[in-house]
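The lines below spell out each chain.
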Amino acid sequence: MSTLRTSIRYINLRAAAAVGHQVRHSSQALRARLEELIPQKAARLQTLKKEYGSHPVQTTTIAQVVGGMRGMKAMLWEGSELDANEGIRFHGLNLEECAEKLPKARNVDGSEGVMLPEAMLWLIMTGEIPTTEQVEGLAKDLAAQAALPEYTLKLLEGGLPSSLHPMTQLSIAVASLNHDSKFAQAYEKGVNKKELWKYAYEDSITLLAKLPAIAAGVYKNAYGKGLGARKCAELAQEGGDWTQPLALALSGGEERKGWADCLRLYLALHGDHEGGNVSAHTSHLVGSALADPFLSYSAALNGLAGPLHGLAAQEVLTFVKTMHDALGADASDTDIEGYLWDVLNSGRVIPGYGHGVLRKTDPRFTALAKFGSSSPTLSSDPLFRLVQRLQAIATPVLQKHGKTANPFPNVDSQSGACMQHFGLEEAPMYTVVFGVSRALGCLSQGVWSRGLGLPIERPKSVSLRVLEEGVKGAGAGAGQA
Ligand SMILES: CC(=O)SCCNC(=O)CCNC(=O)[C@H](O)C(C)(C)COP(=O)(O)OP(=O)(O)OC[C@H]1O[C@@H](n2cnc3c(N)ncnc32)[C@H](O)[C@@H]1OP(=O)(O)O
Ligand SMILES: O=C([O-])CC(=O)C(=O)O
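- The protein chain carries the name Citrate synthase in an unreviewed UniProt entry, which gives Saitoella complicata as its organism.
- Taken verbatim from the UniProt record of the protein chain, the Sequence similarities (unreviewed entry) comment is "Belongs to the citrate synthase family."
- One UniProt comment on the protein chain, placed under Subcellular location (unreviewed entry), says "Mitochondrion".

Below, the structure is given as C-alpha cells:
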C-alpha cells in the first residue's frame, strides 16, 4: 500500500494540512459563486425574453425536421459552444487555452501534469478559471463524499450480472442514487422553485464525487478486475485529486507512468460538447421535467451507450484490433484501404469518423494524439500507431465514398488506443470512462437550468401529412436546406 499512498499525493493536500494551511471547502465556494452569478444571468434572460421574445433565431426547414434537427438552434446551453471548424470552446476558451490556463496535476516526481477535470468543472459551471486553491478544495470535498451507499454497492458487488453491459451497470448504479436525492426530497417538501438549483447542485456534487467509485465498481463487477468501488472510495479519502483513485482502481493499484495523466486529460476533454449531443440533450430533457440529477444523468448515459455516440469509443478499438488481426502487422496502405471499402460496402460505418456538427478533425482527437506522441511508450504502441496511420487512409476513402459530411476523425478514434496501452483493455469500459466525464457538463447545465427557471421541454412534432400540406403550391426545391 505504500506505493498507493505515495502516488496519490499529487496536489499536496496533506502537505498543505501539515503546515497548518486551511484548505477551503470549495464545493461551498463554488456554490457561493453560483449564488452570485445565477441571479445576474437570470435577469439578463428575463430582459431578453421580455424585449426580444418574438425575435426569430432562424428559419426551420423540412430537412431539419426530418433530419435529426441538425443545425437547428433550439436549446439554451451555457457550458460550451461548438464551432464546426474550430471545435469546442468552454466559455470562449479552446482546448489549448484550457490546457494552458487551468490548474494542473502535480506528478509524484514533482513535474507538472495535465489540466485537472475538476478545474474544467469549475470553468464549465462558472465561466471562470479557478485558482489552484479552489480546485484543491473542490477535490477535497469530492473525495469526502466518494463512498457509495450500501444499496449501490450491492448492485456492483454481484447484484447485477457480470454479463450486463458496463454502460447498463453504470446507468443503473447512477439511477439508484436517486434513493437519497436532496432535489427530489426538496421538491416533495414544496421548496420554492427558485431555490431548487441549490438542491440540484448538492446532488450534482454528490454524483460527481461517487462516479469514480461507481466506474471502479462496474469494472470489478463486469470483469473481476481492479480494486472495486469500496477501495476506490477509500483511496479518494486518503487525499488527492478526482482522477487518481480511479486510475489506481482500474490498474489494480499498480502505478503506471502516464496513466493518471492520460485519464485526467480524457476526463477534462470529454466534459462537455455543447447541448445538442445525445447525452447532453437527454439529461436536459429529462431534467426539464424536474427529474432529479441522478435520474437525468442516468438517462443521458443510456444515450451515451449508443454506438453512434459514446459507444463508438468501444467500437473503434474493436474495429482497429479486428483489422490489425485480419491484415497482420505488415499490412500495406492498399490492404487497409480495401478493408475500409469492404466495411462501407457492407452498409456499416467506420467508427470514430464523421460528426453531426464538426467539419474538421476533432481537436480532442488532436489533443489525445499529441499526448500519445509525447509519451515514449504510447507513441510506439502498435494500435496507437495504427490509429494515427488510419487517418491518412480513411479520410480519402470516406471522401471518395461521398456520403459523410465530415470525413475526419472524431475523439472516439483515439481514446481506446490510449487506454488499452495503459492496461485498460476491456473496450466496453471506454464509454464508462466517457460517462464519468460527461457528467461535468450535463450536471452543470442541470444546475443552471434550474437556476434560470427553464421550463419543461416540449417541442412540437408534425406528421408527414402536415409537412406535405405545408408545401402544397411551393415550387420544387423551395424547401432545400
Ligand atoms: C463523442 C461522439 O459521439 S463522436 C461520434 C461518434 N460516432 C461515430 O464515430 C460513429 C461513426 N459516425 C457516424 O455514424 C456519423 O458520422 C455520426 C453519427 C457521428 C454523425 O451522423 P450524421 O450527422 O448523420 O452524419 P452525415 O451527415 O455525415 O451522414 C451522411 C451519411 O454518411 C454516413 N456516414 C457518416 N459517418 C460515416 C462513417 N464514419 N462511416 C460511414 N458512413 C458514414 C451516414 O451514415 C449517412 O448515411 P445515409 O445517408 O445512408 O444515412
Ligand atoms: O457533439 C456530438 O454530437 C457528439 C460528440 O462529439 C460529443 O458529444 O462529445
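### Section: the overall build of the protein chain
In step 1: A tally of regular secondary structure across the protein chain gives 23 helices and five strands.
In step 2: The C-alpha atoms of the protein chain give 23 Å as radius of gyration, which agrees with the globular expectation for 481 residues (23 Å, within 12%).
In step 3: Taking all contacts inside the protein chain whose residues are at least 6 apart in sequence as the whole, residues at least 24 apart take part in 75%.
In step 4: In the structure as shown, the protein chain presents an accessible area of about 21,500 Å², 53% of it carried by carbon and sulfur atoms.
In step 5: Distance from the positive charge centre (47 side chains) to the negative charge centre (48 side chains) of the protein chain: 4 Å.

### Some words on the site of ligand 1
In step 1: Leu 308, His 309, Gly 352, Lys 403 and Ala 405 are the nearest of the 20 residues found near ligand 1.
In step 2: Gly 352 is positioned with one of its backbone polar atoms (N or O) 2.8 Å from an oxygen atom of ligand 1.
In step 3: A total of 900 Å² of accessible area belongs to ligand 1 in isolation, and the protein chains cover 74% of it.
In step 4: Split into classes, the residues belonging to the shell around ligand 1 amount to 10 nonpolar, seven polar and three charged.
In step 5: Each of domain 1 (1-44 + 72-313 + 432-459) and domain 2 (314-421) gives at least three residues to the shell around ligand 1.

### Concerning the site of ligand 2
In step 1: In the region of ligand 2, the neighbouring residues are His 273, Asn 277, His 309, His 355, Arg 364, Phe 434 and Arg 438.
In step 2: Contacts to ligand 2 include His 355, whose side-chain N or O atom sits 2.8 Å from an oxygen atom.
In step 3: For ligand 2, whose unbound accessible area comes to 260 Å², protein coverage reaches 83%.
In step 4: A breakdown of the residues in the shell around ligand 2 according to their chemical character gives one nonpolar, four polar and two charged.

### Overview of the side chain of His 309
In step 1: Structurally, His 309 can be placed in the loop between helix 16 (293-304) and helix 17 (312-327).
In step 2: The exposure class of His 309 is buried, given its relative accessible area of 15%.
In step 3: For His 309, the residues in contact, after removing those within four places along its chain, are Asn 277, Val 278, Ser 279, Gly 303, Leu 304, Asp 412 and Arg 438.

### Some words on the packing of aromatic side chains
The geometry of an aromatic ring pair is captured by two quantities: the separation of the ring centres and the angle between the planes.
In step 1: Here the structure, examined in full by the defined rule, presents four aromatic pairs.
In step 2: With centroids separated by 5.8 Å and ring planes inclined at 55 degrees, the aromatic side chains of Tyr 219 and Tyr 223 adopt a geometry described as tilted. Taken together, the positions of Tyr 219 and Tyr 223, both in helix 11 (residues 196-223) and four residues apart, correspond to about one turn of that helix.
In step 3: Between Phe 319 and Tyr 339, the aromatic rings sit 6.0 Å apart at their centres with planes inclined by 65 degrees, giving edge-to-face as the arrangement.

### Details of the environment of Ala 147
In step 1: Structurally, Ala 147 can be placed in the loop between helix 7 (132-144) and helix 8 (150-159).
In step 2: Of the residues examined, Ala 147 reaches a relative accessible area of 38% and is grouped as partly exposed.
In step 3: Filtering out sequence-adjacent residues up to four positions away, Ala 147 remains in contact with Lys 210, Ala 233 and Gln 237.

### A short note on the state of the cysteines
In step 1: Taken as a whole and assessed by the stated rule, the structure comprises zero disulfides.
In step 2: Of the cysteine sulfurs around Cys 262, a residue in no disulfide, the closest is that of Cys 418, at 4.9 Å.
In step 3: Looking at Cys 262, the relative accessible area reads 2%, which means it is buried.
In step 4: The thiol sulfur of Cys 442 is not disulfide-bonded, and the nearest other cysteine sulfur, from Cys 98, lies at 17 Å.
In step 5: With a relative accessible area of 4%, Cys 442 lands in the buried category.

### Focus on the pattern of salt bridges
In step 1: In the structure shown here, the tally under the stated rule is 18 salt bridges.
In step 2: Two residues, Arg 230 and Glu 150, come together in a salt bridge whose shortest N-O distance is 3.4 Å. Here Glu 150 lies in helix 8 and Arg 230 lies in helix 12 (residues 228-237), a separation of 80 residues in the sequence.
In step 3: The residue Arg 465 makes a salt bridge to Glu 469 at a minimum N-O spacing of 3.3 Å. Separated by four residues within a single helix, Arg 465 and Glu 469 lie in helix 23 (residues 464-471), roughly one turn from each other.
In step 4: Within the structure, one salt-bridge network assembled from shared partners comprises Arg 31, Glu 35, Glu 195 and Lys 198.

### A closer look at helix 21 (residues 412-421)
In step 1: In terms of residue burial, helix 21 counts as a mostly covered element, since nine of its 10 residues are buried.
In step 2: Every buried residue of helix 21 is accounted for by Asp 412, Ser 413, Gln 414, Ser 415, Gly 416, Ala 417, Cys 418, Met 419 and Gln 420.
In step 3: Structurally, helix 21 contributes buried residues whose contacts are with helix 14 (259-269), helix 17, helix 19 (363-373), helix 20 (382-401) and helix 22 (428-451).
In step 4: Just downstream of helix 21, Gly 423 is the residue with a positive phi angle, here 105 degrees.

### A closer look at the packing of helix 17 against helix 18 (residues 333-345)
In step 1: The N-to-C vectors of helix 17 and helix 18 enclose an angle of 125 degrees; their axes lie 11 Å apart at closest approach. Classed by the angle they form, the pair helix 17 and helix 18 counts as oblique. The two elements helix 17 and helix 18 meet at a crossing, and its hand is right-handed. Counting all contacts with helix 17, which are made through Phe 319, Thr 322, Met 323, Ala 326 and Leu 327, the residues of helix 18 involved are Asp 335, Ile 336, Tyr 339, Leu 340 and Val 343.
In step 2: Each residue belonging to the contact of helix 17 with helix 18 can be placed in one class, and the counts come to eight nonpolar, one polar and one charged.

### Here we look at the environment of Gly 68
In step 1: The topology assignment puts Gly 68 in the loop between helix 4 (62-66) and strand 1 (81-83).
In step 2: Taking the C-alpha atoms as reference points, Gly 68 and Ala 184, 116 residues apart in sequence, are found 32 Å from one another.

About the criteria used
Residues numbered from 1 in each chain as written. Chains lettered and ligands numbered in written order. Predicted model: local features only at pLDDT ≥ 70, side-chain atom pairs only at ≥ 80, totals over all residues. Heavy atoms only, no water. UniProt positions renumbered as here; feature names shortened; annotations may be inferred. Helix = DSSP H or I, 4+ residues; strand = E, 2+ residues; numbered from the N terminus. Rg over C-alpha atoms; globule rule 2.2 N^0.38 Å. Contact = heavy atoms within 4.5 Å. Areas by Shrake-Rupley, 256 points an atom, 1.4 Å probe, with all protein chains shown as cover. Lys, Arg positive; Asp, Glu negative; His and termini not counted. Charge placed at Lys NZ, Arg CZ, Asp CG, Glu CD. Near = heavy atom within 4 Å. Polar contact = N/O pair within 3.5 Å; in protein donor to acceptor, adjacent residues only side chain to side chain. Nonpolar A, V, L, I, M, F, W, Y, C, P; charged D, E, K, R; others polar. Domains from an automatic or database assignment. Buried < 20%, exposed > 50% of the residue type's maximum accessible area, 1.4 Å probe, protein only. Phe/Tyr/Trp six-rings, centres within 6.5 Å; stacked < 30°, edge-to-face > 60°. Disulfide = S-S within 2.5 Å. Salt bridge = Lys/Arg side-chain N within 4 Å of Asp/Glu carboxyl O. Axes fitted to C-alpha atoms, helices over the stretch in contact; angles between N-to-C directions. Parallel < 35°, antiparallel > 145°, perpendicular 65-115°, else oblique. Left-handed = near helix turned anticlockwise from the far one by under 90°.

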